[in-house]
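Here is what each chain is made of, one letter per residue.
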Amino acid sequence: MKKTYIILFGAALLLGSCTRNPEIGEPTPPHASSGLVIKASCTPATRTDIIEGKSTWEVGDRITVVYDGTAYVYTATEAGATTTFASDTGITAYDPSKPLTAYYPVTTVDGTVAVEPQRTITLQGTEQTNTACAPLVGTPLDKNLAEGALHVSFRNIFSVIELRIDAGELDSPAQSLAVEPASQEDFDGYLTFTGTVDPSTLALTPAPGGTGSKLTLHFPDNADLTRPQTIKFPVGRFISEAGLKLTLTTTDGRTYTKNIYKSGIRTYNEKNGIFSARHLAKALYAFASPGGIETADDLIEFAAAVNAGESLAPWQDERGFVVLLNDIDMTGIETWTPIGDAVCPLTGTNALTIESGRPFTGFFDGQGHSIRNFHMVCDNSTPNRAWGFFGALGPGAVVENLVFDASCSLAVKASKGTDCGILAGVVYDATVRNIVNNAPMSFDGSAGNVRMTMGMVGLAFASKGVVLDRLTNEAALTSEDGGNTGNGATGIHVGGICGFSTNLASSANPVIFNGCINRGDLTTKVGRASGIVAAANRYTHLTDCTNYGLNDNAFPRSGYARLGNITCITGPGIKFTNVVNRGDLISRTKGAAGGILCLVNHNDNEFIGCESYGRVISDRPDNDYKGTFFGQCKKAAKFRNCIAQGDVGTYNGGDCIMTGVNADNYMDYLGAYDASAVDVTPANILYRPAGN
């Protein structure tokens, strides 16, 4: 009989020596096929592959092909990126008009897929030796045989989580690791699953009782977790706003807990009913490593070592990351020298230099821990000093996963020009991500008409690039005027996330704000104040950033404040994408104001999917540097898919009078613009989302 070949192109997680189905017996030695031979090619890994792109078949791997209502099991006869699967009871003839679906690992005719609630794993050295058994489903790419081959493409059904477990010196061997939601109230979905999958959409249908919210991994006898081990496992589809809780149990009955993904985790994507797995294979240090910061004294010693240029080894884990091992209580600490104490002047030609001191250039992982009871007072008297928890973060630095508790505070009382942030004064070609601030910030400096900044970050400066990723400010910001009458680059800049953002004059490398949120109210008397970044000076890119805070300003110089709830002013190379303002803006002294920004200042500026819903209130005539979207735009900037649904009004001594902007008149109150603003049209800036 002439043999027909079906070539299966696996797209991810095709790993050997793992079977799940008790209804199909253990693998038997492969032998010559009496019917259809299947040739399967294992293509490069997808993002959720757990062996980092080194996919390959192993001898004995088994797949199921469900064809015309019957399940056929095929076994790999050789190892390699491409192999032959053989079966003596396989498909004897193929009709493309009949349905065919392929599964890995083997399953039943119903196509049962599963993330089991319990699993025993095997460790060898520092790696898990068995597979994660993450199920795959394959469907034909077309309905026609080509030279006897039918191409089938595999997709991931579930995501994989990768943990880097380091338990340190345990009194007895590790026995199991339980994974469950950190909070059931903030959890939606399931960690474990048994049921079926729609091969076209990857939608899941659970069997009765087929879902659960706890997964337990059992270790082999005498598992050595005193050195780091990498553990990988598939998980079901869920959203957990509070993250996950890990519980390590040892053979003597002791338990050790650790929460991970504290900022929230989502394990799948869904669009128009089509599902896909998310990449979660990021190493997480689930338990305390030998090196790290445990106390306030440790933190102070670490800061001193950074500033003296000494070794940081006592506070580093095996990755070389400085890590917090606990929440750090700073009660009683009355004076503070920033980590990375440095003087960093920014010139008028947009160049930054490290004049003195040592910026922090390493890796710092707070591991989700909080700084508590820390009352930082910046009484700096050195011009151009960077000041905050970190002073200056220099090229290559990464700071992540840190919380400033509401018991903390920052008070800026500097008498010289200072870039000040509760997280960092200056971020220079560095990355900060997943930082939450709950501590109030206040400014009462007195340096005169020189630039001063305050926010979670004072100044962000890019030569090669800066990333501010998922910074969230929940706390209020207040500011006096400090005797500074400037509303330009030499003014005081207060931003919920950042005070001033710019880049090297000869560079197009941006400062990137991604997923940043401000919920803190701003009550200020300064020339520039905004929920996200007070001055987006050059090459600043904002994506998925939102302001909810009230911006209440009383700059003493009547008519001169420049205010916007996302930013006050833009420079060249600015791109805002999916940026939203939901906060009100009030100027008590006739300041220029716009819902998103005050001044659109360059033709190359782009505003894509930006939305403003807040009120803009100032005792200026409407459209005289006052508008629901911008104060003024007389540039050929690009606007697409934007919404301006706010209102404008006069302050009127506090008894505000609103105009009553609506769908019919909203274009009259966007702000001041002229014929040069060619994209300011009803087609590009809507009152309601398209279709509503």
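A brief look at the structure comes next.

**Examining the overall build of the chain**
When helices and strands are counted, the chain shows one helix and 68 strands. For the chain, with 692 residues in total, the buried portion stands at 57%. Across the chain, contacts joining residues at least 24 apart in sequence account for 78% of those joining residues at least 6 apart. Of the roughly 26,200 Å² that the chain leaves accessible, carbon and sulfur atoms contribute 47%.

**Focus on the nonpolar core**
If you look at the biggest cluster of nonpolar residues, it comprises 102 residues, and the most contacted ones within it are Phe302, Phe360, Phe364, Phe389, Phe513 and Phe639. Phenylalanine 302 has contacts with Ile293, Leu312, Trp315, Val322, Ile339, Phe360 and Phe364, leaving out every residue within four places of it along the chain. Within the second largest apolar cluster, 34 residues are counted, among which are Tyr103, Val179, Leu202 and Phe219.

**So, the pairing of strand 62 (residues 630-633)**
Bridge analysis of strand 57 (residues 597-600) against strand 62 gives three bridges, and the strand direction is parallel. Across the sheet, residue leucine 599 finds its bridge partner in strand 62, namely glutamine 632. The sheet contact formed by strand 62 and strand 67 (residues 672-673) spans two bridges and is parallel. Bridge pairing in strand 67 places cysteine 633 opposite tyrosine 673.

**So, the sheet that holds strand 7 (residues 112-115)**
Sheet strands pair by backbone hydrogen bonding; their relative direction is either parallel or antiparallel. Across the sheet, three strands lie side by side as 7-16-17; this open sheet has antiparallel pairing. Both outer strands of the open sheet, strand 7 and strand 17 (204-212), are each paired with one neighbouring strand and no more. Going across the sheet, the axis of each strand differs from the next one's by a mean of 25°, ignoring polarity. Taken together, the four bridges between strand 7 and strand 16 (residues 192-197) define a ladder with antiparallel strand orientation. Considered in strand 16, the bridge of threonine 112 is made with threonine 196.

**Things to note about helix 1 (residues 296-308)**
If you check helix 1, its first and last C-alpha atoms are 18 Å apart, about what 13 residues at 1.5 Å a residue would give, namely 18 Å. Restricting attention to buried positions, one finds in helix 1 the residues Ala296, Asp298, Leu299, Phe302, Ala303, Ala305 and Val306. In this structure, the buried residues of helix 1 make contact with strand 26 (322-323), strand 27 (328-329), strand 30 (363-372) and strand 32 (385-393). In the segment just after helix 1, glycine 309 is the residue with positive phi, at about 75°.

**Thoughts on the pattern of salt bridges**
On inspection of all chains with the given rule, the structure shows 16 salt bridges. Where aspartate 622 meets lysine 626, a salt bridge forms, and the shortest distance between an N and an O atom there is 3.1 Å. Accessibility expressed as a relative area gives 31% for aspartate 622, which makes it partly exposed. Its salt-bridge partner being arginine 640, residue aspartate 679 comes within 2.6 Å of it at the nearest N-O pair. On the criterion of sequence distance, the pair formed by aspartate 679 in the loop between strand 67 and strand 68 (685-686) and arginine 640 in strand 63 (residues 638-640) is long-range, its members being 39 residues apart. It is possible to trace a salt-bridge network through shared partners that takes in Asp327, Arg372 and Asp405.

**Some points on the packing of aromatic side chains**
Per the stated rule, a full pass over the model turns up 25 aromatic pairs. Here phenylalanine 629 and phenylalanine 630 contribute two aromatic rings whose centre-to-centre distance is 6.1 Å and whose plane-to-plane angle is 80°, an arrangement assigned as edge-to-face. Residue class for phenylalanine 629 comes out buried when judged on its relative accessible area of 0%. Residue phenylalanine 630 is classed as buried on the basis of its relative accessible area, which comes to 0%. Measuring from ring centre to ring centre gives 6.2 Å for phenylalanine 630 and tyrosine 673, while their planes differ by 90°; the resulting arrangement is edge-to-face. Here phenylalanine 630 is found in strand 62, whereas its partner tyrosine 673 is found in strand 67, with 43 residues between them in sequence. An aromatic cluster is present here, built from Phe302, Trp315, Trp336, Phe360, Phe364, Phe374, Phe389, Phe390 and Phe404 joined pairwise through their rings. A cation over a ring is seen here: arginine 266 above tyrosine 268, with NZ or CZ 4.6 Å from the ring centre. The lysine or arginine in question, arginine 451, covers the ring of phenylalanine 500, its NZ or CZ lying 5.7 Å from the ring centre.

What counts, and where the lines are drawn
Residues numbered from 1 in each chain as written. Predicted model: local features only at pLDDT ≥ 70, side-chain atom pairs only at ≥ 80, totals over all residues. Heavy atoms only, no water. Helix = DSSP H or I, 4+ residues; strand = E, 2+ residues; numbered from the N terminus. Buried < 20%, exposed > 50% of the residue type's maximum accessible area, 1.4 Å probe, protein only. Contact = heavy atoms within 4.5 Å. Areas by Shrake-Rupley, 256 points an atom, 1.4 Å probe, with all protein chains shown as cover. Core = buried A, V, L, I, M, F, W, Y, C linked by side-chain atoms within 4.5 Å. Pairing = 2+ DSSP bridges. Axes fitted to C-alpha atoms, helices over the stretch in contact; angles between N-to-C directions. Expected span 1.5 Å × (residues − 1). Salt bridge = Lys/Arg side-chain N within 4 Å of Asp/Glu carboxyl O. Phe/Tyr/Trp six-rings, centres within 6.5 Å; stacked < 30°, edge-to-face > 60°. Lys NZ or Arg CZ within 6 Å of the ring centre and 35° of its normal.

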